[in-house]
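Structural overview
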Amino acid sequence: MRSLELQTRFNRHNVQTLSCLFKSCPLLNILILKIINDQTSERRQWNKDLWDRSNSEIQYWESQTYELESLNHLEFVEIHGFLECENEMSLAMFLLRHGKALIKMTLRSSFLCRDSLRRQMIRSQLTGFSMASSKAKISFQ
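Per chain, residue numbering runs from 1 following the sequence as it is written. For a predicted model such as this one, the threshold for reporting local features is a pLDDT of at least 70, and the threshold for listing and counting side-chain atom pairs is 80 or more; totals across whole chains, interfaces and linings nevertheless cover every residue. Only heavy atoms go into the side-chain values, all of them from the structure, while hydrogens and water stay out.

1. Description of empty space enclosed by the protein
Formally: As defined here, a cavity is a set of points on a 1 Å grid over the protein atoms alone where a 1.4 Å probe fits but cannot get out. A pocket is an open set with protein on both sides within 12 Å along at least five of seven lines, and residues line them when an atom is within 4 Å of a point. Grid points are joined across faces, edges and corners, and a volume is the space filled by probe spheres set on the points. Throughout this entry, Asp, Glu, Lys and Arg are counted as charged residues, while Ala, Val, Leu, Ile, Met, Phe, Trp, Tyr, Cys and Pro are counted as nonpolar. The remaining residues, Gly among them, count as polar.
A complete count under the given rule lists one cavity of 30 Å³ or more for this structure. Counted as a void, the largest cavity has a volume near 40 Å³. Around the largest cavity, the lining residues are Phe82, Glu84, Leu107, Ser109, Arg119, Arg123, Phe140 and Gln141. When grouped by side-chain class, the residues that make up the lining of the largest cavity number three nonpolar, two polar and three charged.

In structure tokens form, the structure reads like this:
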């Protein structure tokens with residue numbers, strides 16, 4: 001499978017499921033993740049200080065690095081419904097950090113962010129660390 005489009009309520013309970021899907025698709029080139037945002041989904045606001053690897057989701061993604069061959073081929077990622085919550089940020093940062101073939105990541109928010117300072121801080125954090133691919137570009141929509 002070279003292209004995967006997935007619609008999910010992305011929370012801490014299905015991070016392992018997403019990882020299993022990645023493992024099952026070692027030649028994945030395109031990932032489109034459509035996050036269902038509703039009132040029942042538990043979402044923790046991203047805290048920039050959590051990137052110190054003490055966060056369990058970040059630790060989990062990092063522990064999967066050597067088993068995820070799809071990261072060697074993944075070129076395009078779109079995340080729809082990106083609300084800059086902890087689980088979404090952990091995944092986006094992980095893919096940027098380890099996606100050796102990544103060309104473009106598009107993060108689409110389904111809501112207008114009222115806190116533009118916070119959004120700018122998050123954008124600079126995503127673009128401000130060393131990425132695995134020198135070709136990788138991040139687009140915010």
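From this point on, the discussion continues.
2. Re the confidence of the model for the chain
Threshold: A score from 0 to 100, pLDDT tells how confident the predictor is in each residue. Strands are runs of DSSP state E lasting at least two residues, helices are runs of H or I lasting at least four, and both sets are numbered from the N terminus onward. The contact criterion used throughout is that any non-hydrogen atoms of two residues lie within 4.5 Å.
The predicted model of the chain averages 77 in pLDDT, with 73% of residues at 70 or higher. Across the chain, element-level confidence peaks in strand E3 (residues 76-80) with a mean pLDDT of 94 and bottoms out in helix H2 (residues 56-63) with 66. Contacts for the low-pLDDT stretch residues 45-54, under 50 throughout, to residues beyond four places or in other chains number 28 contacts.

3. Overview of helix H4 (residues 116-127)
Heads up, the condition is: How far a helix is expected to stretch is found by multiplying one less than its residue total by 1.5 Å. Three labels apply to residues, based on accessible area from a 1.4 Å probe with only protein chains included: buried if under 20% of the type maximum, exposed if over 50%, partly exposed otherwise in between. The directions considered for the arc run from the helix axis to the C-beta atoms.
For H4, built from 12 residues, the straight-helix expectation of 16 Å at 1.5 Å per residue is met to within 8% by its first-to-last C-alpha distance of 16 Å. Taken residue by residue, H4 has Arg118, Arg119, Ile122, Gln125 and Leu126 as its buried positions. On an axial view of H4, the arc spanned by its buried residues comes to 125°, and they lie on one face. Pointing more than 90 degrees away from the buried face of H4 are the exposed residues Ser116 and Leu117. On its buried side, H4 packs onto helix H3 (86-98), strand E4 (104-108) and strand E5 (137-140).

4. A word on the pattern of salt bridges
Stated precisely, the cut-off is as follows: Each reported salt bridge corresponds to a side-chain nitrogen of Lys or Arg within 4 Å of a carboxyl oxygen of Asp or Glu.
Considering all chains together, one arrives at two salt bridges under this definition. Salt-bridge contacts for Lys34 lead to Glu5; the nearest nitrogen and oxygen are separated by 3.0 Å. Here the residue Lys34 occupies a position in strand E2 (residues 30-35), and Glu5 occupies one in strand E1 (residues 3-8), the gap between them amounting to 29 residues. A residue is classified by how much of its surface remains accessible, and Glu5, at 52% relative accessible area, is exposed. In this structure, Glu78 and Arg108 form a salt bridge, with 3.4 Å as the shortest nitrogen-oxygen distance. One end of the pair, Glu78, is in strand E3; the other, Arg108, is in strand E4, and 30 residues separate them in sequence. Here Arg108 falls in the partly exposed class, since its relative accessible area comes to 27%.

5. Remarks on the nonpolar core
Applicable threshold: Among buried residues, the Ala, Val, Leu, Ile, Met, Phe, Trp, Tyr and Cys ones that are joined through side-chain atoms within 4.5 Å form a nonpolar core.
Formed by 30 residues in total, the largest nonpolar core has its most connected members in Leu31, Val77, Leu95, Met105 and Leu126. In terms of residues, this core owes the most to one element, H3, which gives seven residues. When neighbours within four sequence positions are excluded, Leu126 is seen to be in contact with Met89, Ala92, Met93, Leu96, Leu107, Met131, Ile138 and Phe140.

6. A few points about the sheet that holds E5
Definition in use: Two strands pair under a simple rule: DSSP has to find at least two bridges between them. Whenever a helix is involved, its axis is fitted only over the stretch in contact; in every case the axis is a line through C-alpha atoms, and angles between N-to-C directions fall within 0 to 180 degrees.
One open sheet accounts for five strands, arranged E1-E2-E3-E4-E5; its pairing is parallel. Unpaired on one side and paired on the other, E1 and E5 mark the two borders of the sheet. Strand-to-strand twist of the sheet, defined as the mean angle between neighbouring strand axes without regard to direction, takes the value 10°. One ladder, built from five bridges, connects E3 with E4; its direction is parallel. Residue pairing in the sheet places Phe76 in a bridge with Lys104 of E4. Set on the sheet, H4 makes contact with E4 and E5; between it and E5 the angle comes to about 165°.

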